[in-house]
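Residue-level structure breakdown
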Amino acid sequence: MSKLKLYNTLTRKKETFEPIVQGKVGMYSCGPTVYWYQHIGNLRTYIFSDLLRRVLEFNGFKVKHVINVTDVGHLTSDSDEGEDKVEEAAKREKKKAKEITKFYFHIFKEDLKKLNIELPWKWPKASEHIKEQIGLVKKLEKKGFTYRTRDGIYFDSSRFKNYWKMAKLDLKGLKAGKRVEVGDKKHKTDFALWKFSLEDGKRQQEWKSPWGVGFPGWHIECSAMSMKYLGKHFDIHTGGEDHIPVHHTNEIAQSESATGKRFVNYWLHGAFLLSKGEKISKSSGGLYTISEIEKMGYDAVVFRYLCLLTHYRKPLNFSLDNLDAAKNSFQNFRRKVIEIRNEKHKGNDLTESYTNLFLIEINDDLNLPRALRVVLKMLDDFDFSSGKKIKLLEKFDEVLGLKIKEMKEEKIIIPKEVLELAEERESLRRQKLWAKADLFRERIREKGFSIEDTNDGYKISNLD
Ligand SMILES: [Zn+2]
């Protein structure tokens, strides 16, 4: 059996995956900040981590997957400036912070279900792990990695030798220059572990701490919660590629400084969704939610299918034209599956050879585009017995997540009035009153059905 290889951002290489504990995997994915709807660019990242988890499970690993929920501490700028996104949304919507986070978390879960993403083993919320975060900051303080400024407790990045190991950035370009950029920080790359509440305004979400009333920084939550549920040293951490230079670099710095151990073995990052060649944004367009996509007449699974067609480390150019193309190709796929389901073709059993081909692709750093090609080839392989083929397709769908089991001919329910119209049309046809019969065809259409004449009489179908 081919061994699973994953591209590790830390080494910029594909590496054979070796778990810390035989047969088990601890995996943490940076979750959403629940202050607004997640757009399809964010959701692409969760489709990627879902594929990773499914591929691990297909390979027989038992996966403990954690996705955190950021409901406090993520500021409007990643560099510890600006308002807390949740507090700002609460002001905008004139609601309590808790109402905001509860609402958008609910929407996020619904989005994942629509995209057929497996739900995680745990979804820890930052606001429910304040104790763990304070504990971690205390540890860092004790070891001398922190200092205090007017607005918070900061991590001294110069004390962590391998700070740039993952980002592989040139430190010179980022050295603290103008005072205005650094603020009270000693170095530009230092970051807040704990922020004090502003003197002039009480926050909705704030807690007492040994340093003063305030709230945790954004990065510390992921270190505190991942280590709580997966241990100080665990297997896989995922996120979007934008997390590499700041968020994940800081997670490594603070976690490894606190424990003195290696934090994570494999770091995997999903590439952006683009619109007109740029990261999707308000200005480049394409900033849709899944509900919006559905309202435009696309099944959410079509978006998942579109994502499967591009490797997770390659940027995916999104446009409604691309989505249309994916919709058509997915419809063909679905039609073929239904055809095979109805076939009673006795061919050979090619389960083993196709399983091997499929495994080679998914185990090559989740090459889903090529794995899909194997699946399409298999659909058209007339040597392969149709019953066994369907069984194997359903097995492959444990990775693809395209709801293949649900791809069945729909039994349509035809209303009585439509049946009556069809009968009247039939009697007109028998009298060769073609023009009148055509009028009945029109009336049937108006009710949302089509009628065609076959050798065995007429057939009524749903209009698409
Ligand atoms: Zn994170």
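Residues numbered from 1 in each chain as written. Predicted model: local features only at pLDDT ≥ 70, side-chain atom pairs only at ≥ 80, totals over all residues.

**Structural notes on the domain arrangement of the protein**
Along its sequence, the protein is organised into domain 1 (18-270), domain 2 (282-406) and domain 3 (416-462). On a C-alpha basis, the centres of domain 1 and domain 3 stand 62 Å from each other. (Domains from an automatic or database assignment.)

**A look at the pairing of strand β6 (residues 152-155)**
The pairing of strand β5 (residues 146-148) with β6 spans three bridges and is antiparallel. Looking at the pairing, T146 lines up with F155 of β6. The loop that links β5 with its antiparallel partner β6 comprises three residues. Where β6 meets strand β7 (residues 191-196), four bridges bridge the pair, whose relative direction is antiparallel. Of the residues in β7, the one forming a bridge with I153 is W194. (Pairing = 2+ DSSP bridges. Helix = DSSP H or I, 4+ residues; strand = E, 2+ residues; numbered from the N terminus.)

**Brief notes about the nonpolar core**
In this structure, L51, L193 and F303 are the most contacted members of the largest nonpolar core, which totals 104 residues. Among the elements that line this core, the one with the most residues is helix α1 (residues 40-58), at nine residues. A domain-level breakdown of this core finds at least three residues from each of domain 1 (18-270) and domain 2 (282-406). Of all hydrophobic cores here, the second largest spans five residues; its members include L421, A422, F440 and I444. (Core = buried A, V, L, I, M, F, W, Y, C linked by C-beta atoms within 7 Å. Buried ≥ 20, exposed ≤ 12 C-beta atoms within 10 Å, placed from the backbone.)

**Digging into the packing of helix α15 (residues 416-430) against helix α16 (residues 434-446)**
As a packed pair, α15 and α16 sit with axes 8 Å apart at the nearest point and diverge in direction by 165°. In terms of axis orientation, α15 runs roughly antiparallel to α16. For the pair α15 and α16, the sense of crossing is left-handed. Here V418, L421, A422, E424, R425, L428 and R429 of α15 lie close against α16, whose contacting residues are K436, A437, F440, R441, R443 and I444. (Axes fitted to C-alpha atoms, helices over the stretch in contact; angles between N-to-C directions. Parallel < 35°, antiparallel > 145°, perpendicular 65-115°, else oblique. Left-handed = near helix turned anticlockwise from the far one by under 90°. Contact = placed C-beta atoms within 7 Å.)

**A short note on the sheet that holds strand β13 (residues 316-317)**
What the three strands build is an open sheet, ordered β12-β11-β13; its pairing is mixed. The sheet is open, and its two borders are formed by β12 (278-279) and β13, each paired with just one other strand. Pairing between strand β11 (residues 273-275) and β12: two bridges, direction antiparallel. For S275, the partnering residue across the bridge sits in β12 and is E278.

**Things to note about the environment of H187**
You can see H187 is positioned in the loop between α6 (179-182) and β7. Residue H187 is classed as partly exposed on the basis of its 18 C-beta neighbours within 10 Å.

**A word on the packing of helix α10 (residues 300-308) against helix α11 (residues 320-342)**
Where α10 meets α11, the closest approach of the two axes is 9 Å, and the angle between their N-to-C directions is 100°. When the axis of α10 is compared with that of α11, the two are roughly perpendicular. Every residue of α11 that contacts α10 at V302, Y305 and L306 is listed here: N322, L323, A326, K327 and F330. Each residue belonging to the contact of α10 with α11 can be placed in one class, and the counts come to six nonpolar, one polar and one charged. (Nonpolar A, V, L, I, M, F, W, Y, C, P; charged D, E, K, R; others polar.)

**Remarks on the environment of N68**
Within the secondary structure layout, N68 lies in the loop between β4 (62-67) and α2 (85-93). Here N68 falls in the buried class, since 24 other C-beta atoms lie within 10 Å of it. The sequence separation of N68 and E221 amounts to 153 residues, and the corresponding C-alpha distance is 8.5 Å. If we skip the residues at most four places from it in the chain, N68 touches C30, G31, W123, P124, A126, E221, C222 and M225.

**Remarks on the sheet that holds strand β3 (residues 24-29)**
Overall, parallel pairing links the four strands, which are arranged β4-β3-β9-β10 in an open sheet. A strand with exactly one partner marks an edge of an open sheet, and here the two such strands are β4 and β10 (264-270). When strand polarity is set aside, the average angle formed by the axes of neighbouring strands in this sheet is 20°.

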